Amino acid sequence: MKRFLLLLAMLATFIIGSTTTASAAEKIELDMTPREPIAVFIQLDPKGVGKPLEISEEMYGKIKEKLNSAHKEPIPYTKAQKDLKIYIRDNDLNGNQRDQDDGVILRSKDFKALAEKEQTRYVISIATRVTSSEVKLNFWTGIRKNLTIVTNVVIYDAEANDYLIDEDFSSVGRTSGSYDRAFHRAIEDILTKIDFNTMLT
């Protein structure tokens, strides 16, 4: 009887161990599933900030973090920005270099063409501009800089030929340092308002 109970206990241990191993293997397999590629293009009005290129790349990094949590992988920043610049130039969407710096309004045909170029289903466009900047003197905190930005966020589904979102977000970045820091804080605030998990399902 004792031998039978011992064998029964060993069998139960084996079954539980096998189930646990299988569950762990399934979890690892799920975690290793490749993220879906997605195109992200950033247009930043350079007026009002000191380092527009660095800020654009920083914005991309923040957006990448949020997209990764939604199991999406944006195409590399340098490739995306290069392809957007070439597309704008080759399609005569700008008249001069200043226009190119300011950015353009992309239309459905443009999003569809960019999705085909990057071989992605979704295209995200982040276009942000400074609408006002001011310096205030506070008795307790000293000089404070306020930077108001408006950011247009577009998510286009090239398979459905439809916009998932086309919305403007406004935020104020405050700092006692540079305007670039204020801009950084304003962007972080805006990104908290966008739920990629819900939109990209």
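Going along each chain's sequence as written, the residues are numbered from 1 onward. In view of the model being predicted, local features appear only for residues whose pLDDT reaches at least 70, and side-chain atom pairs are presented and counted only at 80 or more, with totals across whole chains, interfaces and linings using the full set of residues. The basis for every side-chain value is the complete set of non-hydrogen atoms in the structure, without hydrogens or water.

**Quick look at the packing of helix 3 (residues 77-90) against helix 5 (residues 108-118)**
Quick reminder of the rule: Axis lines are fitted through C-alpha atoms, for helices just across the contact stretch, and the angle between N-to-C directions can take any value from 0 to 180 degrees. A run of H or I in DSSP counts as a helix once it spans at least four residues, and a run of E counts as a strand once it spans at least two, with each numbered from the N terminus. Under this scheme an angle from 65 to 115 degrees is roughly perpendicular, one under 35 degrees roughly parallel, and one over 145 degrees roughly antiparallel; angles in between are oblique. In this scheme the handedness of a crossing depends on how the near helix is turned from the far one: anticlockwise by less than a right angle means left-handed, clockwise means right-handed. A contact between two residues is defined here by any heavy atoms of the two lying within 4.5 Å. Three classes are used, and their members are as follows: Ala, Val, Leu, Ile, Met, Phe, Trp, Tyr, Cys and Pro are nonpolar, Asp, Glu, Lys and Arg are charged, and the others, Gly among them, are polar.
Close contact between helix 3 and helix 5 brings their axes to 11 Å; oriented N to C, the two are set at 130 degrees. Considered as vectors, helix 3 and helix 5 are oriented oblique to each other. Here the hand of the crossing between helix 3 and helix 5 comes out right-handed. Contacts between helix 3 and helix 5 involve Lys79, Asp83, Leu84 and Tyr87 from the former and Lys109, Asp110, Ala113, Leu114, Lys117 and Glu118 from the latter. Along the lines of polarity and charge, the residues of the contact of helix 3 with helix 5 split into four nonpolar, no polar and six charged.

**Some thoughts on the pattern of salt bridges**
Applicable threshold: By definition here, a salt bridge exists when the distance from a side-chain nitrogen of Lys or Arg to a carboxyl oxygen of Asp or Glu is within 4 Å. Relative accessibility thresholds used throughout: buried, under 20% of the residue-type maximum; exposed, over 50%; partly exposed, between the two (1.4 Å probe, protein chains only).
Throughout the structure, instances matching the rule amount to ten salt bridges. With a shortest N-O distance of 3.3 Å, Arg35 and Glu73 are connected by a salt bridge. Taken together, the residues span a long stretch of sequence, with Arg35 in the loop between helix 1 (2-31) and strand 1 (36-44) and Glu73 in strand 2 (residues 72-74) at a distance of 38 residues. With a relative accessible area of 39%, Arg35 lands in the partly exposed category. Residue Glu73 is classed as partly exposed on the basis of its relative accessible area of 24%. Salt-bridge contacts for Arg121 lead to Glu159; the nearest nitrogen and oxygen are separated by 3.6 Å. Of this pair, Arg121 sits in the loop between helix 5 and strand 3 (122-138) while Glu159 sits in the loop between strand 4 (142-157) and strand 5 (162-175), and the two are 38 residues apart along the sequence. With relative accessibility at 30%, the residue Arg121 sits in the partly exposed group.

**Quick notes on the nonpolar core**
This is how the line gets drawn: Side-chain atoms within 4.5 Å are what join buried Ala, Val, Leu, Ile, Met, Phe, Trp, Tyr and Cys residues into a set we call a nonpolar core.
Residues Ile63, Leu67, Ile124, Ile149, Phe183 and Phe196 are the most contacted members of the largest nonpolar core, which totals 31 residues. Contributing elements (two or more residues each) for this core: strand 1, helix 2 (52-69), strand 3, strand 4, strand 5 and helix 6 (179-191). Top contributing element to this core by residue count: helix 6, with six residues. Ala80, Ile88, Ala115 and Val154 belong to the second largest nonpolar core, which has 16 residues in total.

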